Amino acid sequence: MSPPIAPVGWSRWLVPPAALSIHLSIGQAYAWSVFKPPLEDALGLSGTQSALPFQLGIVMLGLSAAFGGTLVERRGPRWAMTVALVCFSSGFLLSALGAATEQFWLIVLGYGFVGGIGLGIGYISPVSTLIKWFPDRPGMATGIAIMGFGGGALIASPWSAQMLESFGSDSEGIALAFLVHGLSYAVFMLLGVLLVRVPRPRTEEQRADGGPASSAAGPQVSARQALRTPQFWLLWVVLCMNVTAGIGILEKAAPMITDFFAGTSTPVSVTAAAGFVALLSAANMAGRIGWSSTSDLIGRKNIYRVYLGAGTLMYALIALVGDSSKPLFVLCALVILSFYGGGFATVPAYLKDLFGTYQVGAIHGRLLTAWSTAGVLGPLIVNWIADRQEEAGKDGADLYGTSLLIMMALLVIGFVANELVRPVHPSHHLGAVTAQKGAPDVRQQQSESA
């Protein structure tokens, strides 16, 4: 499947909607916490066990993005979006079968493994294309598309809650909800497959709609060479720490707010908890476009200082006084999730600044292994500690105190890593590496001639 080249006069503003159709669909992953309590009741699972499909999905997201990044660059966005459609929808269908037969391993396999591959390929499918269409505003462009991934739960959370209420929260109702998800997302993702285009080869003349003609200015570093730079691994740490701190709350969002205020005069209902998940999704989505666009103005390093520094403060407030004020708890969680989403949307532009556009999609895919790591760490820290505290007889906010302190420490580590990021040394640039590889051949030829 060859990449579809845009015809003359094609508007670059048609590309973000194509990306959004994919990201809004796969962003359903952030609404997984809505399914956790019903699955735990229907199949007799613990909180740690019910997190497994989500955790494996995030692991496979990072791994498939890392190993498939170069292939996505070579075969183009339409091929990638098609693969994402097939895997993501098939994952839901397998999960539906698992729920109907009460075989939890099938849900883990379907949603986590197969669906996770769709998450990874779908996530990186438009990134390189968007940066090539919008080299003048890479933060905004990737923010628009990746905003969809953060906002997917804004649609999926209330939709899933409504289906569980209508179909029932037993195994059959969960199976039917999974089935509807799989079929509906297949249709919606198909719109992106049909609409996406790559830019035509062009000269240095400006596009008619104001977009710059070339995105190849500045340093150009290959994906293989990027792995040899300290900048890549520092950004890996930055992304991993920021994601771990956010994903721990997001995966446990519905039960967490219920636990925090269970012993108060204003407990949180199941419907209100689902609404909280939707609010977090809105903050996640808004942060992706708002903070990433801000990074075009103040720089990537400065915006990550905000994510990691202010994020630490928000966690401190939740740990100290979060259970005494519901508005404060919600506000701090919303800010944390806006930073979480902003970090995802800003990192492709950060990579473009450091490594250029040559293989930015493949580099981005490799960097997302940090997300895989965080996808295990975040939920594991929060769920495992909460389970242990519950076994010790604790309840309410006490279930999460230790987890919040750990998240603060991780954000501090990420802050330090961001401070250490410097421009990539010219010896790693494409031209320099090519020259270095050619030099021994020249010397060898001279020796043989002598």
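Our subject is the structure listed above.
Not measured: the values here are computed from a predicted model.

Chemist: Please provide a residue-by-residue account of the packing of aromatic side chains, values included.
Modeler: Per the stated rule, a full pass over the model turns up 28 aromatic pairs. With centroids separated by 5.6 Å and ring planes inclined at 90 degrees, the aromatic side chains of Phe261 and Phe329 adopt a geometry described as edge-to-face. Here Phe329 lies in helix α15 (residues 326-355) and Phe261 lies in the loop between α12 (253-260) and α13 (270-298), a separation of 68 residues in the sequence. With respect to burial, Phe261 and Phe329 carry one shared label: buried. Ring geometry for Trp291 and Phe339: centres 5.4 Å apart, planes at 55 degrees, overall tilted. Taken together, the positions of Trp291 in helix α13 and Phe339 in helix α15 put the pair 48 residues apart, joining distant regions of the chain. On the accessibility criterion, Phe339 (4% relative accessible area) is buried. Among the aromatic residues, those joined into a cluster by ring pairs are Trp32, Phe35, Phe88, Phe92, Tyr111, Trp159, Phe178 and Tyr185. Over the face of the ring belonging to Phe261 we find Lys326, whose NZ or CZ atom lies 5.6 Å from the ring centre.

Chemist: Before we move on, could you go through the packing of helix α17 (residues 369-391) against helix α18 (residues 401-419) and cite the residues and values that matter?
Modeler: A pair of packed helices is captured by two measures, namely the crossing angle of their axes and the spacing between those axes. Between α17 and α18, whose axes approach to 9 Å, the crossing angle comes to 155 degrees. In terms of axis orientation, α17 runs roughly antiparallel to α18. Seen from above, α17 lies across α18 with right-handed handedness. Contact with α17, carried on its side by Gly378, Ile381, Val382, Ile385 and Gln389, involves Thr402, Ser403, Ile406, Met407 and Leu410 of α18 and no other residues of that element.

Chemist: Provide a residue-level description of helix α9 (residues 171-195), including the pertinent values.
Modeler: The end-to-end C-alpha distance of α9 is 37 Å, a good match for the 36 Å that 25 residues give at a rise of 1.5 Å each. Every buried residue of α9 is accounted for by Ser171, Gly173, Ile174, Ala175, Ala177, Phe178, His181, Gly182, Tyr185, Met189, Gly192 and Val193.

Chemist: Tell me about a nonpolar patch on the surface, and please be specific about residues and values.
Modeler: A cluster of nonpolar residues, Leu93, Phe167, Leu176, Leu179 and Leu183, forms a patch on the protein surface that exposes about 410 Å² of accessible area. The dominant element in the nonpolar patch, judged by the number of residues it contributes, is α9, at 3 residues.

Chemist: So what's going on with the pattern of salt bridges? Residues and values would help.
Modeler: For the structure on display, the rule yields 7 salt bridges. One salt bridge in this structure joins Asp136 and Arg12, with 3.3 Å as the shortest N-O distance. Here Asp136, found in the loop between α7 (127-133) and α8 (138-167), pairs with Arg12, found in the segment before α1 (15-26); they are 124 residues apart in sequence, far enough to count as distant. On the basis of relative accessible area, Asp136 is assigned to the partly exposed category, the value being 33%. Judged by its relative accessible area of 1%, Arg12 is buried.

Chemist: Give a description of the side chain of Ser21 that names residues and reports values.
Modeler: Positionally, Ser21 belongs in helix α1. A polar side-chain atom of Ser21 sits 3.0 Å from the main-chain amide nitrogen of Gly192. Not counting the four nearest positions on each side in its chain, Ser21 is found in contact with Phe188, Met189, Leu191 and Gly192.

Chemist: Got a sec to walk through unusual backbone geometry? Specific residues and values, please.
Modeler: Even without glycine at this site, Glu102 takes up a positive phi of about 55 degrees. In this structure, Glu102 sits in the loop between α5 (77-100) and α6 (104-124). Judged by relative accessible area, Glu102 falls into the partly exposed class, the value being 47%.

Chemist: Mind laying out a negative patch on the surface, listing which residues take part and the relevant values?
Modeler: A cluster of acidic side chains, namely Asp323, Glu390, Asp395 and Asp398, defines a negative patch on the protein surface. You can see Asp323 is positioned in the loop between α14 (300-321) and α15. Under the relative-accessibility criterion, Asp323 is labelled partly exposed at 38%.

Chemist: Before we move on, can you summarise the packing of helix α11 (residues 230-251) against α15 with the specific residues and values?
Modeler: Between α11 and α15, whose axes approach to 9 Å, the crossing angle comes to 165 degrees. Our classification of the angle between α11 and α15 gives roughly antiparallel. Crossing handedness for the pair α11 and α15: left-handed. Here α11 contributes Gln231, Phe232, Leu235, Leu239, Asn242, Val243, Ala245, Gly246, Ile247, Ile249 and Leu250 to the contact with α15, which in turn contributes Ile336, Leu337, Phe339, Tyr340, Gly343, Phe344, Tyr350, Leu351, Leu354 and Phe355. Per-class residue counts for the contact of α11 with α15 are 17 nonpolar, 4 polar and no charged.

Rules behind the numbers
- Residues numbered from 1 in each chain as written.
- Predicted model: local features only at pLDDT ≥ 70, side-chain atom pairs only at ≥ 80, totals over all residues.
- Heavy atoms only, no water.
- Phe/Tyr/Trp six-rings, centres within 6.5 Å; stacked < 30°, edge-to-face > 60°.
- Helix = DSSP H or I, 4+ residues; strand = E, 2+ residues; numbered from the N terminus.
- Buried < 20%, exposed > 50% of the residue type's maximum accessible area, 1.4 Å probe, protein only.
- Lys NZ or Arg CZ within 6 Å of the ring centre and 35° of its normal.
- Axes fitted to C-alpha atoms, helices over the stretch in contact; angles between N-to-C directions.
- Parallel < 35°, antiparallel > 145°, perpendicular 65-115°, else oblique.
- Left-handed = near helix turned anticlockwise from the far one by under 90°.
- Contact = heavy atoms within 4.5 Å.
- Expected span 1.5 Å × (residues − 1).
- Patch = residues over 30% accessible without salt bridge, like charges linked within 9 Å, V, L, I, M, F, W, Y side chains within 5 Å.
- Areas by Shrake-Rupley, 256 points an atom, 1.4 Å probe, with all protein chains shown as cover.
- Salt bridge = Lys/Arg side-chain N within 4 Å of Asp/Glu carboxyl O.
- Polar contact = N/O pair within 3.5 Å; in protein donor to acceptor, adjacent residues only side chain to side chain.
- Lys, Arg positive; Asp, Glu negative; His and termini not counted.
- Charge placed at Lys NZ, Arg CZ, Asp CG, Glu CD.
- Nonpolar A, V, L, I, M, F, W, Y, C, P; charged D, E, K, R; others polar.

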